[in-house]
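# Summary of the model geometry
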Amino acid sequence: MQLESMYQDIILDHYRNPHHKGLRDPFDAEVHHVNPVCGDEVTLRVSLKDVNGEPVVEDVSYDSLGCSISQASASVMSDLVIGKPVAEAMTISQAFLELMQSKGEGQPDEGLLEDAVAFVGVSKYPARIKCALLGWMAWKDATAQAMEVAQ
Amino acid sequence: MTSVHLDVEAVRADFPALARTVRNDKPLVYLDSGATSQKPVQVLDAVRSAYEQHNAAAHRGTHLLGEEATDLYEGARAKVAAFLAARPDEVVFTKNATEAVNLVAYALSAPGRLQVRAGDEVLITEMEHHANLVPWQQLCERTGATLRWLDVTPEGRLDLDDLDTMITGRTRIVAVTHQSNVTGTIPPVAEIARAAHEKGALVLADGAQSVPHQPVDVTALGADFLVFSSHKMLGPYGIGVLFGRAELLEAMPPFLTGGSMIEVVRMEGSTFLPPPQRFEPGVPAIAEAAGLAAAVDYLTALGMDNVAAHEESLTAHALDALREIDGVRILGPDTTKDRGGAVAFEVDGVHPHDVGQVLDELGIAVRTGHHCAWPLHRALGVQASTRASFYVYNTHDEVDALADGIRYAQRFFGTG
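Predicted model, so just to flag it, every value in this text is computed and none were measured.

### Let's talk about the overall build of chain B
Helix and strand counts for chain B come out as 14 helices and 15 strands. What you see for chain B is a C-alpha radius of gyration of 22 Å, in line with the 22 Å of a compact globule of 416 residues. For chain B, the residues scored as buried account for 53% of the 416 residues in total. Of the contacts formed within chain B by residues at least 6 apart in sequence, a portion of 70% connects residues at least 24 apart.

The following block contains the structure:
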């Protein structure tokens, strides 16, 4: 069975006990993303702060409905980006996207992606890649909108 | 594996895909025929033979191959017509059921005696596949007509209590599924058609999930239009059918235009052929039509009564087997009365995507998500579901494999 390679314990732990879940105020931008194939959805808020002229992710909060992969991925994502400068968080986001496009062959940088390396098994299943990316894409969109507001 | 209705073992031997293995070298348990059916070798041979022996553009050319291609294509039309107890000139080949609905929805917004106008009403149902829903929304947006719909009961039946008031003197067309692709529900189309016709409304039945699975006689059905796709009834992709009553097709303007459908073309304007050619521009899908004809022959040889009876026994078995599993909720009717072989369900605490993933690991192919029926899922209070759907080649052992797989998923996710 290869199920364990997709559903690693890290993923199931985040699924059962998602981090940073629930919508919080204040926020600079809110987005609603859906996966039209399955109907999974996420509402996500981003709050940014200015630290020495550089935007930093102050908070990410979300409410979501979906499968274990999409729920766990949103939880891992929030852990990874909260408190990081936006530029650094975008680098992590790009690394995760590349991991998801790796067809199971990716050699993820654990120092950069931390718990998100557990999703390497998901990248072998094309139908599930969108699940893993749902929260990340919502975060990128919300952050881009928040940056526009800031300007 | 032989059931009282079909020699399932002999049927399975005709389907090459059923002999292959899938993940973990497991035999394929294909329970996704509601999405698309597997294809028997007879259909594959017919498609191949059309290309190998009779490849030419139908309705053109003064050569033998052109004549043979035309015979194949028009022969397929005659076979489909006989299958529905319709006339050949009432059978229009389209790309699929979706295009057929769009063809009718377009014709009803174009100038002509069937034109829907602002203030008119279009009645659909909450149970529809998006293919029989979005085109009607678009028609209403184009024309200013009002879209109304029949609700779904918690049991997944159509709520017909208000049928007489929902169909008004302003209703121009009622579009309704003949078998839900999610709950398997078979609405009483004939009864709805009678009520609609009393008020002067037309009726379109979506037969994508009924024509492959039960005998359908268009006169008994009572609908003015019936649409379905070849690929869900053992045939090739890329061809579907619009049945329309002759006098309605005659009154409808063309949808897609170009070659093959014209009578006379001048720079100032053109005139068009009578139906069905009026609705079939371009070189038609000849090999696909030949494949569809072979599929119709295959189903006719099995007997559609036997097909329906076989699926009913599988559905009854599935309903029983799933009911026995704690934490599983079946969407839709819990008996086989007026119900076809699509069985959608929820597994408490395990998302449909995750159920589907575990089943896939066991070699069991099902559909997960909203199955292109998002409003129906909302009406039933679920975000998404897992769906098993049966056909001529499925066995009772496969139903048991499904039930075992669901239990395995529950154990894997710690809910069973």
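Continuing now.
### Focus on the interface of chain B and chain A
Taken together, the contact pairs 14 residues of chain B with 12 residues of chain A. Within the residue set of the side of chain B that touches chain A, elements represented by two or more residues are α12 (352-361) and β14 (367-369) of chain B. Here the side of chain B that touches chain A takes five residues from α12(B), the largest share from any one element. Broken down by class, the residue content of the side of chain B that touches chain A amounts to four nonpolar, eight polar and two charged.

### Some remarks on helix α3 (residues 64-84) of chain B
Residue and element names in this part refer to chain B. With 21 residues, α3 ought to run about 30 Å at 1.5 Å a step, and its terminal C-alpha atoms sit 30 Å apart, in line with that. Those residues of α3 lying buried are A69, L72, Y73, A76, R77, K79, V80, A81, F83 and L84. Looking one or two residues beyond α3, the residue adopting positive phi is A85, at roughly 55°.

### Quick look at the sheet that holds strand β15 (residues 385-389) of chain B
Residues and elements named next belong to chain B. Taken in spatial order, the four strands make up an open sheet running β11-β12-β15-β14, and their pairing is antiparallel. Of all the strands in the sheet, the pair left with one neighbour each is β11 (328-330) and β14. Direction aside, the axes of adjacent strands within the sheet are offset by 30° on average. Relative to β15, strand β12 (residues 342-347) runs antiparallel, the two being bridged by four bridges. Residue V343 lies in a different strand from β15, and its bridge partner there is A388. Across the sheet, α12 lies against β12, β14 and β15, angled at about 160° from β14, the strand it touches most.

### Side note on the domain arrangement of chain B
Residues and elements named next belong to chain B. The domains assigned to chain B are domain 1 (8-37 + 303-412) and domain 2 (45-300). Between the C-alpha centres of domain 1 and domain 2 the distance comes to 28 Å. In this assembly, 27 residues from domain 1 lie in contact with 29 residues from domain 2. Contributing elements (two or more residues each) for the side of domain 1 that touches domain 2: α11 (304-323), β12 and α13 (374-379). For the side of domain 1 that touches domain 2, the element with the highest residue contribution is α11, accounting for six residues.

### Comments concerning the pairing of strand β7 (residues 225-229) of chain B
It is a general feature of regular strands that their side chains alternate between the two faces of the sheet. All names here are of chain B. Burial of β7 is extensive: five of the five residues sit out of reach of the surface. Residues F225, V227 and S229 of β7 are buried on one face, and the alternating residues L226 and F228, pointing to the opposite face, are buried as well. As paired elements, strand β6 (residues 202-206) and β7 share three bridges and run parallel to each other. Looking across to β7, one finds that A205 is bridged to L226.

### Thoughts on the confidence of the model for chain B
Taken over all residues, the pLDDT of chain B has a mean of 96, while the share at 70 or more is 99%. Of the two predicted TM-score estimates for the complex, the pTM is 0.94 and the ipTM is 0.89.

### Quick notes on the pairing of β6(B)
Residue and element names in this part refer to chain B. Of all five residues that make up β6, five are buried, and the element is covered over most of its length. Across five bridges, the pairing between strand β5 (residues 171-177) and β6 is parallel. Residue pairing across strands places V176 opposite A205, the latter belonging to β6. Crossover connection from β5 via helix α7 (residues 189-198) to parallel β6: handedness right-handed.

### Topic: the packing of α3(B) against helix α10 (residues 286-302) of chain B
When two helices pack together, their arrangement is captured by the angle between the axes and the distance separating the axes. Residue and element names in this part refer to chain B. Look at α3 against α10: their axes get within 8 Å of each other, and the N-to-C directions meet at 35°. Handedness of the α3/α10 crossing: left-handed. Here A69, L72, Y73, G75, A76, K79, V80 and F83 of α3 lie close against α10, whose contacting residues are I286, A289, A290, L292, A293, V296, D297 and T300.

### Topic: the environment of E88(A)
Take E88(A): it is sitting in helix α4 (residues 86-100). Residues E88(A) and V31(A), spaced 57 residues apart in sequence, show a C-alpha to C-alpha distance of 21 Å.

### Considerations on unusual backbone geometry
Cis peptide bonds are those with omega within 30 degrees of zero, and the linkage from D25(A) to P26(A) qualifies with -5°. By the element assignment, P26(A) lies in the loop between α2 (9-16) and β1 (29-34).

### Details of the sheet that holds β5(B)
Residues and elements named next belong to chain B. Spatially, β2-β8-β7-β6-β5-β3-β4 is the arrangement adopted by the seven strands of the open sheet, whose pairing is mixed. Every interior strand has two partners, whereas the edge strands, β2 (91-94) and β4 (146-150), have only one. Averaged over neighbouring strand pairs, the angle between their axes works out to 20° when direction is ignored. Summarising the sheet, β7 and strand β8 (residues 240-244) pair through five bridges and their orientation is antiparallel. Pairing of F225 across the sheet is with G244, part of β8. Running over the sheet, α7 touches β5 and β6 and is turned about 175° from β5.

### Notes on the environment of E68(B)
Counting through the fold element by element, E68(B) comes out in helix α3. Note: C-alpha distance between E68(B) and Q53(B) (15 residues apart in sequence) is 8.9 Å.

### Focus: the nonpolar core
Core analysis: the largest hydrophobic core is formed by 129 residues, its most contacted members being V227(B), A289(B) and A290(B). In terms of residue count, α10(B) provides more of this core than any other element does, 11 residues in total. When residues of this core are assigned to domains, at least three fall in each of domain 1 (8-37 + 303-412) and domain 2 (45-300) of chain B. Once you skip the residues sitting within four places of it in the chain, A290(B) turns out to touch A46(B), V47(B), A50(B), L72(B) and A76(B). Counting residues in hydrophobic clusters, the runner-up holds 40 residues, among them V31(A), M100(A), A116(A) and V117(A).

About the criteria used
- Residues numbered from 1 in each chain as written.
- Chains lettered and ligands numbered in written order.
- Predicted model: local features only at pLDDT ≥ 70, side-chain atom pairs only at ≥ 80, totals over all residues.
- Helix = DSSP H or I, 4+ residues; strand = E, 2+ residues; numbered from the N terminus.
- Rg over C-alpha atoms; globule rule 2.2 N^0.38 Å.
- Buried ≥ 20, exposed ≤ 12 C-beta atoms within 10 Å, placed from the backbone.
- Contact = placed C-beta atoms within 7 Å.
- Nonpolar A, V, L, I, M, F, W, Y, C, P; charged D, E, K, R; others polar.
- Expected span 1.5 Å × (residues − 1).
- Pairing = 2+ DSSP bridges.
- Axes fitted to C-alpha atoms, helices over the stretch in contact; angles between N-to-C directions.
- Domains from an automatic or database assignment.
- pLDDT = per-residue confidence, 0-100.
- Right-handed = clockwise from strand over helix to strand, strands pointing away.
- Left-handed = near helix turned anticlockwise from the far one by under 90°.
- Core = buried A, V, L, I, M, F, W, Y, C linked by C-beta atoms within 7 Å.

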